[in-house]
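# Residue-level structure breakdown
For reference, the chains in residue letters:
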Amino acid sequence: MKQPVLTMTRRETFSASHRLHNPTLSDEENARIFGKCNSPNGHGHNYVVEVTVKGPVDEKTGMVMDLVELKKAVEEAIMKPLDHKNIDKDVEYFRNGVVSTTENVTVFIWNQLKNYTKELLHEVKVFETEKNIFSYRGDIL
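Residues numbered from 1 in each chain as written. Predicted model: local features only at pLDDT ≥ 70, side-chain atom pairs only at ≥ 80, totals over all residues. Heavy atoms only, no water.

The protein has the name 6-pyruvoyl tetrahydrobiopterin synthase in an unreviewed UniProt entry, where Artemia franciscana is given as its organism. Here the protein is described in UniProt, under the heading Sequence similarities (unreviewed entry), as follows: "Belongs to the PTPS family." (UniProt positions renumbered as here; feature names shortened; annotations may be inferred.)

This is the structure:
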């Protein structure tokens, strides 16, 4: 018997600060590219993240993935490293020169979650603001 394939999404919020700054560029070029987001004191966001897994409904459990396990994955992969942190200073991935744009934060979250959700991870969506939303499904060019 064929099993239905569903998506399941866990939504969480975290607060973090950052500064958009590329150390390989001059201060003038950083200011031109990143504008007010390049302030030396940084700025913060109340991010909303949606983690979506996709897979067949298990006949035995009736679930795509155990929701408790997904909740634990979100806690370990997103909340612990990012919530109430300065992304540029507290997260090693970004201390090594990766500009902390929400695009890069979204990819970081995806890479963190891969270890917990295996092949079920379908999409990571990060809401920087109500108007700025970024999504990633693991695509690479």
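Core analysis: the largest hydrophobic core is formed by 30 residues, its most contacted members being F14, I78, L82, I109 and L113. Of all elements in the fold, only β1 (5-18), β2 (43-56), α2 (67-82), α5 (102-117) and β4 (121-127) reach the threshold of two or more residues within this core. Dropping the residues within four chain positions of it, I109 is found in contact with F14, V49, I78, L82, V124 and V126. (Core = buried A, V, L, I, M, F, W, Y, C linked by side-chain atoms within 4.5 Å. Buried < 20%, exposed > 50% of the residue type's maximum accessible area, 1.4 Å probe, protein only. Helix = DSSP H or I, 4+ residues; strand = E, 2+ residues; numbered from the N terminus. Contact = heavy atoms within 4.5 Å.)

Burial within β4 is extensive, with six of its seven residues counted as buried. Bridge count between β2 and β4: six bridges; the pairing is antiparallel. Counted as the bridge partner of V51 is V124 from β4. Pairing of β4 with strand β5 (residues 133-136) involves four bridges; the strand directions are antiparallel. Paired with V126 across the strands is F134, a residue of β5. Adjacent in sequence and paired antiparallel, β4 and β5 are bridged by five residues. (Pairing = 2+ DSSP bridges.)

Relative to the assigned elements, N38 resides in the loop between α1 (27-34) and β2. You can call N38 buried: its relative accessible area is 8%. Within the local environment of N38, its side chain forms a polar contact with the backbone oxygen of L20, the two atoms lying 2.7 Å apart. Sequence-distant contacts of N38, defined by excluding residues within four places in its chain, comprise R19, L20, H21, D27, N30 and A31. (Polar contact = N/O pair within 3.5 Å; in protein donor to acceptor, adjacent residues only side chain to side chain.)

In this section: the UniProt feature "binding site: Zn(2+)" (unreviewed entry) in the protein. Under the UniProt annotation, "binding site: Zn(2+)" (unreviewed entry) lies at H18, H43 and H45. Sequence-wise these annotated residues cover 28 residues; spatially they are packed, their C-alpha atoms never more than 8.5 Å apart. Here H18 shows up in strand β1. With a relative accessible area of 2%, H18 lands in the buried category. Setting aside residues up to four positions removed in sequence, H18 forms contacts with G42, H43, H45, Y47, I87, D88 and S100. Residue placement: H43 occurs in strand β2.

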